[in-house]
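# Coordinate inspection notes
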Amino acid sequence: MKKFIDTLKNIFKIEELRRRILYTFGLIMIFRIGSFIVIPGINPNAIGDLSNSVADNGLMGLLDIFSGGAFGQASILALGIMPYISASIVIQLLGIVVPYFQKLQKEGESGRRKINQYTRYLTIVALLIQAPAYLTTLSGTLPAYAFTLGNTFFFNFVATVVLIAGTMFTMWLGEKITDKGIGNGVSLIITVGIVARLPHALWAEIIARATDVGGYVFLVVELALLALIFMAAIALVQAVRKVPVQYAKRIVGNKQYGGVRQYLPMKINAAGVMPIIFAQALMFLPMQFGRWFPGFAATFGNITGFWYNFSFFILVVGFTYFYTAITINTTQMADDMKKNGGFIPGIKPGKKTAEYLDNIMTRITLPGSVSLGVIAILPSFAQMIGVNNQFAAFFGGTSLLILVGVVLDTLQQIESHLLSRHYDGLMKTGRLKGRQGV
C-alpha cells in the first residue's frame, strides 16, 4: 500500500504529467455537464418516458450507454461520439479496398491529416441522417407538451444543428485530450460514458438484493465473478504471441547496427471490440422485421434465449476473423521487415515470411475469437441468474472490453512518464501493455 501511495505522489511530482491529468479531468467534467443539458425547445420534466423507452430498446440502450445517459435524456450531446466512430470504421474499411485511401495511409503525417479531414466530413454526413432520426424517435416517444415550441420544422432544424454541434464539440474535446491530456481522448469519452452508468446500475442491484433472502451473499458472489471476468478480459487484451525477428548486422562508419534479436508481438485479439459491435448491430435486425415475422423476431430477439446467444457467438467469431484479416496485413509486415534487414530465423524473407505470419495469425485468432465470443454473451448469462439488465452489461460485451482496454492504455501512458523520469512504474514487475484504439 505504501508503494502505491508513493507512486501517486510521484505522479503529481511530475509537472507535465500533473498538468495533463488535471487538463483531462477538466475536459471530461465539461463533457459530463454537457450530457445533462437538454435540447432547446424540449421540456426537461417530460423526458421520463424517453428514458424508459431507451432502457427497453437494445440498440438505443447501447447508444445510451456509450453516451453516458445523454441519449435517454434528450441532451445536446445525445448522439455522443458514435457517429465519429462509425465514420472512422468506414474510412478504415475504405483503406482496405480503395487504392486512394491506401495511398493516403502510406503518406505519413500529411496522409493522416487528409484521412482525418475525410472522417470529419463523413461524420457530418452521418449526423445529417442520425440527428433527424433521433428527433423522430423523440416525437414518437415524448408527449406533445414536451415540445415547448411545438414539433415544427423550425424546432427540428434548430435541434438538428444543435445535435451536430454537440457531436463536433465532443470530437474536439477528444482531440484536445489526446493532444494535451493523457490517454486517447475519444476512447476516454466513451469510457466515461460507460463508467457513469456503473454507480446507478450497482445501486439498483443492491436494492434488488436487499429484498431477497440471502441477497447480500449472492451480491458478494456477483462482485467476485465480476472481478474474475475483469481479470480474464485483461488477459485477453494483453495476450500476444511473440515471433522472434533477427536483424542483420550493418556497419555504418565506426558504428554497428542490428545484429540483435527482437520480437514481433502478434495480439491474440487483434480485432479488439469491433467484432462485438458488428455482431450486435446484426442481432438487432430481427427486431426490425417483427411486424412481418413475429415468431422469428421473438426467437432471435430474446437475449436470454439459446438461438440468440448461439447466433451472437457465431457472428462474433466470424467477424473476429474477418476484421483481423482486413486490418492485419502480413504481406506489408513481411516487406517492412525485409526492408529493415530483419528476418524470422528459419523462414525465407518475403512471401514465405508473409505466409508464416498469416498461419500464426490464423491459429492464434481461434482462441482469441472464441474467448471474445464468450465475453460477448456473458451479459445474457448474468441476466439468467438474476442480475438486473443494467448491471449485467458490465459482465461482458462491448462495455467491458472498452473499459479494460482504455484503462490499460491510459495506465501505460502514465507509466511511460514515470519511467522516463526514473521513477518506479505502476507495477513492481513487468510492464503494462496497452492496446490500439477502441
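One can find the structure itself at the top, above this paragraph.
Residues numbered from 1 in each chain as written. Predicted model: local features only at pLDDT ≥ 70, side-chain atom pairs only at ≥ 80, totals over all residues. Heavy atoms only, no water.

## Let's talk about the packing of aromatic side chains
Applied cut-off: Stacked, tilted and edge-to-face are the three classes applied to pairs of Phe, Tyr and Trp rings, where Trp contributes its six-membered ring and a pair requires centres within 6.5 Å; stacked means planes under 30 degrees apart, edge-to-face means over 60, and tilted covers the rest. Elements are defined by DSSP. Helices are runs of H or I of four residues or more, strands are runs of E of two residues or more, and each kind is numbered from the N terminus.
A full pass over the atoms with the stated rule returns twelve aromatic pairs. When the centroid spacing of 6.3 Å and the interplanar angle of 25° are considered together, the rings of Phe153 and Phe157 count as stacked. Note that Phe153 and Phe157 are positioned in helix 8 (residues 153-180) at a spacing of four residues, about one turn of the helix. An angle of 15° between the planes, with centres 5.7 Å apart, marks the rings of Phe306 and Phe310 as stacked. Of this pair, Phe306 and Phe310 both sit in helix 15 (residues 306-327), separated by four residues, roughly a single helical turn. Ring pairing ties together the aromatic residues Tyr100, Phe101 and Tyr118, which thus form one cluster.

## Things to note about the pattern of salt bridges
The condition is simple: In the sections that follow, a salt bridge refers to a side-chain nitrogen of Lys or Arg positioned within 4 Å of a carboxyl oxygen of Asp or Glu. Think of it in three bands: with a 1.4 Å probe and only protein chains considered, a residue is buried below 20% of the maximum accessible area for its type, exposed above 50%, and partly exposed in between.
Counted according to the given criterion, the structure contains four salt bridges. The shortest N-O distance in the salt bridge between Glu205 and Arg209 comes to 2.9 Å. Taken together, the positions of Glu205 and Arg209, both in helix 10 (residues 198-210) and four residues apart, correspond to about one turn of that helix. Here Glu205 falls in the buried class, since its relative accessible area comes to 1%. According to the relative accessible area criterion, Arg209 is buried, its value standing at 9%. The partner of Glu222 in a salt bridge is Arg209, and the shortest N-O contact between them spans 2.9 Å. A residue pair is termed long-range when its members are at least 10 positions apart, and Glu222 in helix 11 (residues 215-238) and Arg209 in helix 10 qualify at 13 residues.

## Digging into the side chain of Ser35
Rules: Note on contacts: a residue pair is in contact if any heavy atoms of the two residues lie within 4.5 Å.
Tracing the chain through its elements places Ser35 in the loop between helix 2 (15-34) and helix 3 (48-56). Every residue in contact with Ser35, bar those within four places of it in the chain, is listed here: Ala70, Gln73, Ser75 and Leu77.

## Structural notes on the nonpolar core
Here is the rule we go by: Nine residue types can take part in a nonpolar core, namely buried Ala, Val, Leu, Ile, Met, Phe, Trp, Tyr and Cys, and a core is a set of them joined through side-chain atoms within 4.5 Å.
In this structure, Ile85, Phe312 and Leu401 are the most contacted members of the largest nonpolar core, which totals 54 residues. Excluding residues within four positions of it along the chain, Phe312 makes contact with Ile276, Ala279, Gln280, Met283, Ala376 and Ile377.

## As for helix 17 (residues 351-384)
The line we're drawing: Expected helix span is computed as 1.5 Å times (number of residues minus one). Bend angle per residue: angle between axes fitted to the 7 residues ending at that residue and the 7 residues starting there.
With 34 residues, helix 17 should cover 50 Å at 1.5 Å per step; its first-to-last C-alpha distance of 49 Å lies within 8% of that length. Along helix 17, the largest kink reaches about 35° and is centred on Leu378; proline Pro379 follows within four residues of it. One or two positions beyond helix 17, positive phi appears at Gly386, with a value near 105°.

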